[in-house]
Amino acid sequence: MHWFRKARYAIALVVMPLAGLGFATQIDEYSTPYVATVYLMLAGMFVLTVGLAYADQSLTE
């Protein structure tokens, strides 16, 4: 896997937790189910990105 592809995955994996932290600063304005849904979606995107990076690494080698 080329360095810029690794960089894209790394940036995505850094941005998702930062988005979660940014959302945490606004958490008082939203209902509990909405907050849980947002964090589950962020966790799912994180896991999916890690899976895609792993698959991309293993398929290209």
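Cut-offs and rules
Residues numbered from 1 in each chain as written. Predicted model: local features only at pLDDT ≥ 70, side-chain atom pairs only at ≥ 80, totals over all residues. Heavy atoms only, no water. Salt bridge = Lys/Arg side-chain N within 4 Å of Asp/Glu carboxyl O. Helix = DSSP H or I, 4+ residues; strand = E, 2+ residues; numbered from the N terminus. Buried < 20%, exposed > 50% of the residue type's maximum accessible area, 1.4 Å probe, protein only. Contact = heavy atoms within 4.5 Å. Phe/Tyr/Trp six-rings, centres within 6.5 Å; stacked < 30°, edge-to-face > 60°.

1. Some thoughts on the pattern of salt bridges
(1) Moving on: What the rule picks out here adds up to one salt bridge.
(2) Moving on: Measuring nitrogen to oxygen at the nearest pair gives 3.1 Å for the salt bridge that ties Arg 5 to Asp 56. Of this pair, Arg 5 sits in helix α1 (residues 3-24) while Asp 56 sits in helix α2 (residues 32-60); the two residues are 51 residues apart in sequence, bridging distant segments of the chain.
(3) Moving on: What makes Asp 56 buried here is its relative accessible area of 10%.

2. A short note on the side chain of Thr 49
(1) Moving on: Along the polypeptide, Thr 49 turns up in helix α2.
(2) Moving on: Leave out the neighbours within four places in its chain, and Thr 49 touches Tyr 9, Ala 12, Leu 13 and Met 16.

3. Describing the environment of Phe 23
(1) Moving on: Looking at the secondary structure, you find Phe 23 in helix α1.
(2) Moving on: Separated by 16 residues in the primary sequence, Phe 23 and Tyr 39 place their C-alpha atoms 9.1 Å from one another.
(3) Moving on: If we ignore the near neighbours within four places in the chain, the residues touching Phe 23 are Tyr 30, Tyr 34, Val 35, Val 38 and Tyr 39.

4. A word on the packing of aromatic side chains
(1) Moving on: Under the counting rule described, the total for this entry stands at four aromatic pairs.
(2) Moving on: With a centroid separation of 6.1 Å and 55° between ring planes, the pair formed by Phe 23 and Tyr 34 is classed as tilted. With Phe 23 in helix α1 and Tyr 34 in helix α2, this pair connects stretches of sequence that are 11 residues apart.
(3) Moving on: Residue classification places Phe 23 among the buried residues on the basis of a relative accessible area of 13%.
(4) Moving on: Each residue in the set Phe 23, Tyr 30, Tyr 34 and Tyr 39 is aromatic and connected to the rest through ring pairs, giving one cluster.

These figures capture arrangement, not role.
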